[in-house]
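Spelled out from the first residue to the last, the chains are:
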Amino acid sequence: MVATALLLSACQPDRVISGWSAQSTGRASFTPHPELAAPAHFVSGWVPHWSGDSGMAAIKNSSAAVGDVSPFWYGTANNGTITRLGTNTNLQKVIAATRAAGLPLIPTIADSTGAGVMSGILGDPAARAAHVKNIVDLVVNNNYDGIDIDYEVFAFNHPGESWDSIKPKWIAFVSELSTALHANSKLLSITVPPVWNGGNSGYTVYAQQEIAPMVDRLRLMVYDFNVSSPGPIAPMNWVTDVLQYSKSVGLPVGKLQLGVPAYGRHWATQKVATETCPDGAIRRETVLMKNIATATAGHDGVRDGSGELKYTWTESVTGPRTKPLPPPVVPPASVVIAEINAAANGSPLQPALRLSPSAMVTCTVQHTVYVPDSTSVDQRSDAAQAAGWRGIIVWAFGYEDIYMFPVLAA
């Protein structure tokens, strides 16, 4: 999560202070919210619609260290219109807190359409134009300072369509949205997953090089390196690799923000393969930075080589194991199986098909927790500073502990 303490050398002639500059893009400049011009680097943060008052507390209590706020409150419908994800009452509270703090307001729109839908919208010139208008109307009608676009579905779920075919649609969309927003003196932020390993790994569908001249913020979500199995969320060597790639392709550092997690994960995995674990013993759950002590239940941690805190312990767990239902039977059309038909028609299942607990079972569970703290967040902020980036953006405000902002501002 980016620190307000980051300082970019004022002698860089192509630095984009707010929006894009005529020198670096050849376009006429525009004038967004004055606070977007100072300080040169700052901490931004997303406020999820489910975070409640905790997200607002970060805005109210740390406004001196915060540069702008992005309520994560909007989604997209399959017809290209914009939907609200959380309650309007809570959104208005976040808006009021942000404006009371004198901070720019740049809400985020997430792609909440089904697989392949957004790609279809962006590929149709009329549908794309309508979608752009819906976004601009949202920004102008609510007097937002800009908008942040976080469209992840077509990177992870693109049935029957290659990234090469999606990319030009995406570039056209960003270009048209940029033009429309800038015509209204509004800012465009784009949030994307990163590219690393010299461009051989990551999410090239987002065309970072091509869209960089069109946008005012390019936010890279450098987290979730490990999800399904235990490991660091944002290992420092991966962060460094992303920074190096961005430099190698000449991305404008004045626009770049490093997405930093204020959360980790707790994995409970089966340690002995021959044992049978009770229901619920094997799981994965999110751990917020502010809840480290509770989540680790007093176990000692170490500073992992990734820069994050790591906690490990084992536990013997005893409880019931529910027998699974047998797989469904699909008989030939000419065969009638009375029990299956009866069950399908709502009659009680035969005793052998009912879910029933087995005898109590015991297994050894391996617990592994990786989670950032204020030190690891500051480490990533320092890396962004050394690379000349505009700053960091935290996922998410309300997840941090009480030490994060003071450490970043030190």
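Just so it is clear, the model here is predicted, and its values are computed rather than measured. (Residues numbered from 1 in each chain as written. Predicted model: local features only at pLDDT ≥ 70, side-chain atom pairs only at ≥ 80, totals over all residues. Heavy atoms only, no water.)

K.L.:
Could you give an account of the pairing of strand β10 (residues 256-261), with specific residues and numbers?
P.N.:
For a regular strand, the rule is simple: side chains alternate between the two faces of the sheet. Most of β10 sits inside the fold, with six of its six residues counted as buried. Because side chains alternate across β10, one face comprises the buried residues L256, L258 and V260, and the other comprises Q257, G259 and P261, equally buried. Pairing of strand β9 (residues 217-221) with β10, which is carried by four bridges, proceeds in the parallel orientation. What sits directly across from L220, in β10, is L258. What joins β9 to β10 is helix α9 (residues 236-248), and the crossover it makes is right-handed. (Buried < 20%, exposed > 50% of the residue type's maximum accessible area, 1.4 Å probe, protein only. Helix = DSSP H or I, 4+ residues; strand = E, 2+ residues; numbered from the N terminus. Pairing = 2+ DSSP bridges. Right-handed = clockwise from strand over helix to strand, strands pointing away.)

K.L.:
Quick one: what's the story with the state of the cysteines, residue by residue and with numbers?
P.N.:
Counted by the stated rule, this structure contains one disulfide. What pairs with C277 in a disulfide is C363, and their sulfur atoms sit 2.1 Å apart. Negative torsions about the S-S bond denote left-handed disulfides, and the value of about 105 degrees found for C277 with C363 makes this one right-handed. On the criterion of sequence distance, the pair formed by C277 in the loop between β11 (263-270) and β12 (283-288) and C363 in strand β15 (residues 357-371) is long-range, its members being 86 residues apart. Given the relative accessible area of 1%, C363 is considered buried. (Disulfide = S-S within 2.5 Å.)

K.L.:
Account for the pattern of salt bridges, with residues named and values stated.
P.N.:
All told, the structure shown has eight salt bridges when counted by the stated rule. The salt bridge involving D68 is made with R219; its shortest N-O contact spans 3.3 Å. In this pair, D68 sits in strand β2 (residues 66-76) while R219 sits in strand β9, placing the two residues 151 residues apart along the sequence. For the pair D68 and R219, a shared accessibility class is recorded, and that class is buried. Across the salt bridge formed by R283 and E285, the nearest N and O atoms sit 3.6 Å from each other. Linked by salt bridges that have partners in common, D68, D148 and R219 make up one network. (Salt bridge = Lys/Arg side-chain N within 4 Å of Asp/Glu carboxyl O.)

K.L.:
Any details on the packing of α9 against helix α12 (residues 374-386)? Residues and values, ideally.
P.N.:
At a closest axis distance of 11 Å, the pairing of α9 and α12 adopts a crossing angle of 20 degrees. By the angle between their directions, the pair α9 and α12 is classed as roughly parallel. Note on packing geometry: the crossing formed by α9 with α12 is right-handed. Listed contacts from α12 to M236, V239 and L243 of α9 are Q379, R380, A383 and A384. Grouping the amino acids of the contact of α9 with α12 by side-chain chemistry returns five nonpolar, one polar and one charged. (Axes fitted to C-alpha atoms, helices over the stretch in contact; angles between N-to-C directions. Parallel < 35°, antiparallel > 145°, perpendicular 65-115°, else oblique. Left-handed = near helix turned anticlockwise from the far one by under 90°. Contact = heavy atoms within 4.5 Å. Nonpolar A, V, L, I, M, F, W, Y, C, P; charged D, E, K, R; others polar.)

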